[in-house]
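These are the residues of each chain, in order.
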Number of protein chains: 2
Amino acid sequence: MARRVFLFGQSARDGTTLADGSETSPEVLGGKGAGLAIMSWLQLPVPPGLTISTAASAAYASGSRAVAPVLQKEILQHLAAVEDAAGAHFGDAVNPLLVSVRSGAPRSMPGMLDTVLNVGLNDATVAGLVRRTGNARFAWDSYRRFILSYADLVLGLDTQPFEDRVRTAPEVHGAPDWQQVTAEYLRIFEREAGVPFPQDAHQQLWAAISAVLESWGSRRALTYRALHGVPDRPGIAVSIQAMVFGNAGEFSGTGVGFSRNPTSGAPQPFGEYLADAQGGDVVSGVATPHPIAGDGAGSLQQALPQVYNALLASFRTLEQHFGTVQDVEFTVERGKLWLLQTRPAVLSAAASVRVAVDMAGEQLISREDALLRADARQLTGLLHPAIVANVPRTLLAKGLPASPGAATGPVTFSAEEAEARAKRGQHPVLVLSDTQPRDILGLHAAQAVLTSRGGATSHAAVIARGLGRPCVVGASELRVDAAGHRFVSRGREVRAGDVVTIDGTSGEVFLGSLPLEQPEVGPHLATLLEWADAVPGIAVRVNTETAADVARGRSLGAQGVGLFRTEYTFLAEPALAHMRALILSDGADARRAALQGMLALQRAAYTEVLRLANGMPLALRLLDLPLSSFLPQSDEDVVESARALRTTPAEIRARGQSLAESNPVFGHRGCRLAVSWPDLYATQVRGLFEAAMDVGTDGKVQILVPLVAMAAEFNRVVADIARVADEVRRQRGFAPSYQAGAIIELPRAALQAGELARSAEVLSLGTNNLTQATLGFARDDAAAFLSRYRERGLLAADPFVSIDTEGVGELVKTAIARARATRPDIEIGVCGEQAGDPASIEFFQKAGVDYVSVSPYRLPIARLATAQAALTQKG
Amino acid sequence: MARRVFLFGQSARDGTTLADGSETSPEVLGGKGAGLAIMSWLQLPVPPGLTISTAASAAYASGSRAVAPVLQKEILQHLAAVEDAAGAHFGDAVNPLLVSVRSGAPRSMPGMLDTVLNVGLNDATVAGLVRRTGNARFAWDSYRRFILSYADLVLGLDTQPFEDRVRTAPEVHGAPDWQQVTAEYLRIFEREAGVPFPQDAHQQLWAAISAVLESWGSRRALTYRALHGVPDRPGIAVSIQAMVFGNAGEFSGTGVGFSRNPTSGAPQPFGEYLADAQGGDVVSGVATPHPIAGDGAGSLQQALPQVYNALLASFRTLEQHFGTVQDVEFTVERGKLWLLQTRPAVLSAAASVRVAVDMAGEQLISREDALLRADARQLTGLLHPAIVANVPRTLLAKGLPASPGAATGPVTFSAEEAEARAKRGQHPVLVLSDTQPRDILGLHAAQAVLTSRGGATSHAAVIARGLGRPCVVGASELRVDAAGHRFVSRGREVRAGDVVTIDGTSGEVFLGSLPLEQPEVGPHLATLLEWADAVPGIAVRVNTETAADVARGRSLGAQGVGLFRTEYTFLAEPALAHMRALILSDGADARRAALQGMLALQRAAYTEVLRLANGMPLALRLLDLPLSSFLPQSDEDVVESARALRTTPAEIRARGQSLAESNPVFGHRGCRLAVSWPDLYATQVRGLFEAAMDVGTDGKVQILVPLVAMAAEFNRVVADIARVADEVRRQRGFAPSYQAGAIIELPRAALQAGELARSAEVLSLGTNNLTQATLGFARDDAAAFLSRYRERGLLAADPFVSIDTEGVGELVKTAIARARATRPDIEIGVCGEQAGDPASIEFFQKAGVDYVSVSPYRLPIARLATAQAALTQKG
């Protein structure tokens, strides 16, 4: 049989190390036991003890549910070594060895019995403890507590009778008389348990070990493992460690220390220390602890400078070994430092970045490790304003966190009103039940957006992310009464002009104006992202809608514009008037004039964009809106359009009706427009070519064709583009340089990627729409049921946030394989929202895409995540 | 060099046959030449002649564009045999052989020079013709016509000067003096052509042959071939045949005959005969021809009974050889029957069915051939009323023919009004811009439906086909003003109550009431379909919505109910009130009461359906409507619901708003409801189980889960179903028997079919929605651009009518392969509209589906098409 008991710790007498270093794996020793073994092996001061390996718990679960004699024998053999190292004897009345019994799973896991302290205390050994600590009150209190925890944790008795007794305990010198309470406890124990409290130290030990092993199979632990996918094997380890006492006078104490500041990441030790106290005292708040470092009175550094230096040295040793910030429990007994536990510290986002960069600088870890260490998901918090912590607040609603950051401002209920308020210098929060493409101007004007419907890739969410404005969608408790300029939620009414605060990072909406704090993006993040950019792998480009986005993308490190959406260039005045003239006019002259007007605006818009792109590659998506989006909606607009187009409002309405669609998502839009209105794309393409020639860009210009289902459609648009290019060549004397590509956003296009690649030089995977079509989940409505799906365990993640690797993922892989089979050097990118999600980026890396294109504020995350994906795949 | 000239026909002297039977292929001889060769080989009376093979036309096109000397020599050698057989000599003044020169492509093709008659006539041989026919007027008229056609067809001269001359021709005995006109023609010819009319018969012959060969490369012929995909090779054949003359007195004549009636299919010869006339006279209408058969004066049977009998014998011989009805041109010259051409007759739908059945009965063809012979697409016309032909009509609009048949009735503009009119005993025609699921009651009440938007699988189209009611959708010229109770189209206004006639077979809408004729479905179709059912292959089931559909399906030969849509059982009163109570009530009691009420209705509905199914397998689709479909819409309904549910209209509206979706197609519906409202499906399933037990059905009961995207969703519903089954088992003492299956209507479900098959015993391919999602074509809107796609050659067929074999087809094949890999005996069917399309059925046969399920009136077509697909695949 394999060895199941392993020693750790230092001899209190001569400092020799009990651990032989043969076993340091958390799989065998549990997290706690492994930490103790490693610290021992690193010659750090650890009280001696032994760990029973996880193998024992498997045997226990499948066996007799008692500590088998053969295991008892193995434990006792090793316990003798511990006794020797501690210079004390388990169960000995004169010089008793007391031990803690702790559980340790390979992964930290709630639901299990954690710790039983002071095992070995009984009517005889308590005297030895009095002698050792010089503190009778403490010794009897310890004995009393041990009886209580034994009753509770080991036997599962009701603790109420014990607790009732404490309230009526007699006092000596203003404190409870613990010796007398202990006597009462022993009586209560016997009454409740039906047997006397076990005075035999070994009997106590076996029972405590059994209780720990039993807790692995408790309902709570089983439920937790089932929910979190933690395997039942290898099981739980049990560590038995000689007790040390921080309450042994002024040269004793206890504390918790971090090897670096876990909030800021600053390379100084951080933690708290309480003199003449035991571990639980720091946590329970019976006294106020002092910082471990610093000049202040009561700090460990001041009180026990040698111990402090020893702790610092331990931190250095631990960081050198683990390469991570450590979170350490320690006790000082009579001027001697003992380390009781070490584990990786939980760091704030800022700290994790700073620590990674600093540690790489200190050559504790490599740059690659630094990159892999930072949590890309956490970066969001570093980039956006947040509500100041601990400020009292009134929650109005909770929805989906669609675009991070916080903002506060007066509520408006229409895109038009948002524009009007913005023009008056206000920063409105736009509240709608859902958003339409035509709300785009209002979305640009609003500083935050809140909707009662919609999901992570709803229109509002996509635009808001692009603009870096906070957005909460799908807040279904909101009853929005737009006509009444009010909404009701959680029994409160909010009217237009009332101020709310939106937290797009958490998805929460609060009443009134809450104080915000701006993020500090320090030099460490910049350094880390520079390292990330240097890792060969997927390129990161930016999704943009305006020239300002392009500038922002450059400053946030984009290597190109992966998607320039052109809808805004058509919806903003004065382009909108031309579009209306084009689709609502009867006469050929009026249409021609509208196209001319449009061409000038398009050329101007693209000129600005190309100047700002400054030589970066730029992929422009041809217009992808149903024509109905351009129709005048309000009565005023209809009348105005009728006047402008010299017709009647009734006629305008009739034409509008003929363009209306029951499902515009899959309607007459995208490249389908090119079949019926070829002039529209021709105008765009000509505007782009002329702009590129005017600017003289040396960057690659790509033209992306949206909503392609068939090679025939795409080829038709490609031919139209070539015709325009030829016209421009004849006018300007040289040919525009460009690549044509298709957006793969329909399942059929994914399947036909091999055909498309015959004429496409680039494919852009539009994973938002691809997800919508493949799963049949409407982007704007799915939030309503996706949250239930996640609650009920049907879905691990929102497929609009993190790519559905099985379904959509299969189509992505198929498209890439088929496209490359036709044209091995075809460029393939992703422009859906999932392109900015670290888990999805890992998938795209494996699938072999060339670039991801994300909204400007996601660039830092994507830069880090692409580097991590590349390093992970390489490793 | 291969032989390029082939003889045919009979010797006029001794009846010996010139054809050696070595070549009868249309690829070599053209259609006409092959017919002549086969008739000769069958010993039928064919005037002697020769055919120049298609190989010559290829050589001509790539060569010198003249009849090469070596070919001339080959022709002349064979012409000598023709002269010998005809007992006349080409170019001989005393006994001249005159010939026709005709073209014949392997496939009949317009755009080519067809025939030049009487080649060989000149100033000398005309006298011989006078002698032979005894008809000088005819002989000179023939010469005049030959000059004209030579000028026109061979030289391409302007014919106007010739025609002008005829109008001023001198007369003799009340008829034009053709001899004098001929003299004038010769002068006009020389003036226009610049050379005299060729008097040399051989020169005439080479020029005529060249003209025929030239016509193969004409612009018209090239365009036709390009459009219809006819290959340029092998080219055109030229047949040169001795002229015979039906105008040689009372024992002569000419006619066209069918071996059976081409309209009714009755097994009697059918055709027309004109005594003492030439072929062109029958067509040109200068005289009224008589029937060939019958007792009437002037019939061939009366006038020349022996010739008639010879013709009948020829028909029998030809049918025996070809196994198809033949369309024959014949001439009688002095009591001798000559056959000039034979080809397969074009038959009406009814005739094609009857002929196939009769011929199989006569053992002319096998039953398999009979099945393969009938055109499944044509059957539609046999099953629905049609507008009487040749009635004057005013076309109002043209849309997509969405459900065949014709109907006439007063126009209504709302589903409610249609119901009201139907209750008053009227047969309204429902006109809407588009239809919503909630219009279902109105669609049932209407006898025909017309929409200005929507495609072949739009809601209106699907329902109308299910009901067998005429339907025209996507009539985009219609400007529907529902509020104004009127529509305008082609400048005419139609108001509510005005009568229109809808032709759902052609997609046309006419003003006023047009007379209709009912179809006659004879016993022949029944016989043919019985034979079809006996062919092992894909089973045919029926898509149904009501109990009446189930009965209709049985009577039309369904082998099961492949899809029972249950939406109607929820939308019809009083179920609707319960549904509204369920989704709009706050209280648990009210909901429980609503579910109880619903259970009783569901059980009753399914009891009736299962009784009518009478042991056939039945697949019930669980409810697949967004909850918003059940919301009250009109103000009256809202007030009524508020009263019924004891709340306020404002509250009803607010709840409605919370259920509204921007894209209900992909919204909160189908199995997604099962996650949020599990009671709904549980009630359906319980109703079904209880009904099945009450009826004691011995047919397979299947439960189909709609809109499945993930195995997890499906498994959850399967578990819910099992739970209900267990409850029913405990109450009734024995377990209900059923199979659970998933509808594959989303691309992801197709990809995950292997996973789904772990718990699914049946998969139903919902190809309508699968097409919608895969191509991103909205079912209700796509018509607007799909017509343009087809016009511009981007799409061969509407993918909602005939399956897109490349895109959707790949998903179908993937789903079947993966499902069968998991569960080899899984049953797989198709329930989309394409299941009734013959071309799609062929695809489904190859893909390996077990059954197709179609709307009741498509059953005959599907039964035939599945048999054809099975026979074709086998063959």
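Residues numbered from 1 in each chain as written. Chains lettered and ligands numbered in written order. Predicted model: local features only at pLDDT ≥ 70, side-chain atom pairs only at ≥ 80, totals over all residues. Heavy atoms only, no water.

(A) The pairing of strand β30 (residues 618-621) of chain B, seen in detail. Residue and element names in this part refer to chain B. Judged by which residues are buried, β30 turns out to be covered on both faces: L618 and L620 on one side and A619 and R621 on the other are all buried. Pairing of strand β29 (residues 561-565) with β30 involves three bridges; the strand directions are parallel. Note that in β30 the partner of F564 across the bridge is L620. (Buried < 20%, exposed > 50% of the residue type's maximum accessible area, 1.4 Å probe, protein only. Helix = DSSP H or I, 4+ residues; strand = E, 2+ residues; numbered from the N terminus. Pairing = 2+ DSSP bridges.)

(B) Geometry of the pattern of salt bridges. Residues and elements named next belong to chain A. Following the criterion strictly, the structure yields 85 salt bridges over all chains and no others. Notably, a salt bridge pairs R580 with D637, separated by 3.6 Å at the nearest N-O pair. Here D637 lies in helix α24 (residues 635-644) and R580 lies in helix α22 (residues 575-584), a separation of 57 residues in the sequence. For R580, a relative accessible area of 11% corresponds to the buried category. Taking relative accessible area as the criterion, D637 reaches 30% and is therefore assigned partly exposed. Among the ionic pairs, R723 bridges to D720, the shortest N-O distance being 3.9 Å. (Salt bridge = Lys/Arg side-chain N within 4 Å of Asp/Glu carboxyl O.)

(C) The arrangement of the interface of chain B and chain A in detail. Listed by partner, the interface residues are 53 residues for chain B and 52 residues for chain A. Roughly 4,700 Å² is buried in total at the junction of chain B and chain A, and carbon and sulfur atoms are behind 52% of that figure. Viewed at the interface, chain A and chain B are joined by seven salt bridges. Notably, a salt bridge pairs A:R818 with B:E810, separated by 2.6 Å at the nearest N-O pair. Along the contact surface separating chain B from chain A lie 19 residue pairs in polar contact (both at pLDDT 80 or more). At the level of secondary structure, the elements contributing two or more residues to the side of chain B that touches chain A comprise β22 (479-481), α25 (649-659), α26 (671-676), α28 (711-732), α29 (747-751), α31 (767-775), α32 (783-791) and α33 (807-822) of chain B. Class assignment for the residues of the side of chain B that touches chain A results in 23 nonpolar, twelve polar and 18 charged. (Contact = heavy atoms within 4.5 Å. Buried area = accessible area lost by both parts, 1.4 Å probe. Polar contact = N/O pair within 3.5 Å; in protein donor to acceptor, adjacent residues only side chain to side chain. Nonpolar A, V, L, I, M, F, W, Y, C, P; charged D, E, K, R; others polar.)

(D) Quick look at the sheet that holds strand β23 (residues 486-489) of chain B. Residue and element names in this part refer to chain B. Taken together, the three strands give an open sheet; going across it, the order is β22-β23-β24, and neighbouring strands pair in antiparallel fashion. The strands lining the two open edges of the sheet, one partner per strand, are β22 and β24 (492-495). Between one strand and the next, the sheet's axes are offset by a mean angle of 20°, whatever the strand orientation. By the bridge criterion, four bridges tie β23 to β24 in an arrangement that is antiparallel. Paired with V488 across the two strands is E493, which belongs to β24. (Axes fitted to C-alpha atoms, helices over the stretch in contact; angles between N-to-C directions.)

(E) A look at the packing of aromatic side chains. By the definition in use, this model includes 37 aromatic pairs over all chains. Ring geometry for A:F666 versus B:F666: centroids 5.6 Å apart, planes at 85°, classification edge-to-face. Here B:F666 lies in the loop between α25 and α26 and A:F666 lies in the loop between α25 (649-659) and α26 (671-676), a pairing that spans two chains. For A:F666, a relative accessible area of 3% puts it in the buried group. Between B:F413 and B:F487 the ring centres are 6.2 Å apart and the planes differ by 65°, which places this aromatic pair in the edge-to-face class. Of this pair, B:F413 sits in the loop between β18 (406-412) and α16 (415-423) while B:F487 sits in strand β23, and the two are 74 residues apart along the sequence. Pair check on accessibility: B:F413 and B:F487 agree, each one buried. Residue placement shows A:R541 over the ring face of A:Y851; its charged tip is 4.1 Å from the ring centre. Residue placement shows B:R144 over the ring face of B:W178; its charged tip is 4.1 Å from the ring centre. (Phe/Tyr/Trp six-rings, centres within 6.5 Å; stacked < 30°, edge-to-face > 60°. Lys NZ or Arg CZ within 6 Å of the ring centre and 35° of its normal.)

(F) Highlighting the confidence of the model for chain A. On average, residues of chain A score 89 in pLDDT, and 98% of them are at 70 or above. If you check the scores for this complex, the pTM reads 0.82 and the ipTM reads 0.81. (pLDDT = per-residue confidence, 0-100.)

(G) Representation of the side chain of A:S299 in the model. Residue and element names in this part refer to chain A. Along the chain, S299 turns up in the loop between β12 (290-291) and α11 (300-303). Under the relative-accessibility criterion, S299 is labelled buried at 1%. Reaching out from S299, the side chain makes a polar contact with the backbone nitrogen of Q302 at a distance of 3.0 Å. In this structure, S299 is in contact with H290, P291, I292, A293 and G294, ignoring residues within four places of it in sequence.

(H) Spotlight on helix α27 (residues 678-695) of chain A. Across its 18 residues, α27(A) extends 26 Å between first and last C-alpha, which sits within 8% of the 26 Å expected from 1.5 Å per residue. The element α27(A) is extensively covered by neighbouring structure, given that 14 of its 18 residues are classed as buried. (Expected span 1.5 Å × (residues − 1).)

(I) Quick peek at the relation of the copies chain B and chain A. Rotating chain B by 178° about the axis while translating it 0.1 Å along that axis superimposes it on chain A, leaving an RMSD of 0.5 Å. The transformation relating the two chain copies, once decomposed into turn and shift, fits a two-fold axis. When each C-alpha of chain B is compared by its distance to the rotation axis, B:A773 comes out closest, at 2.3 Å. Residue by residue, 98% of the interface of chain B is reproduced at the interface of chain A, so both copies engage with the same surface. (Least-squares fit on C-alpha atoms with pLDDT ≥ 70 in both.)

(J) Geometry of helix α13 (residues 349-361) of chain A. All names here are of chain A. In this model α13 runs 19 Å from its N-terminal to its C-terminal C-alpha over 13 residues, within 8% of the 18 Å that 1.5 Å per residue would give. By the burial criterion, the buried members of α13 are A349, A351, S352, V353, V355, A356, V357, D358, M359 and A360. Contact partners of the buried residues in α13: α12 (305-322), α14 (367-373), α15 (380-383) and α19 (523-534). Immediately beyond the C-terminal end of α13, within one or two residues, lies Q363, with a positive phi of roughly 60°.

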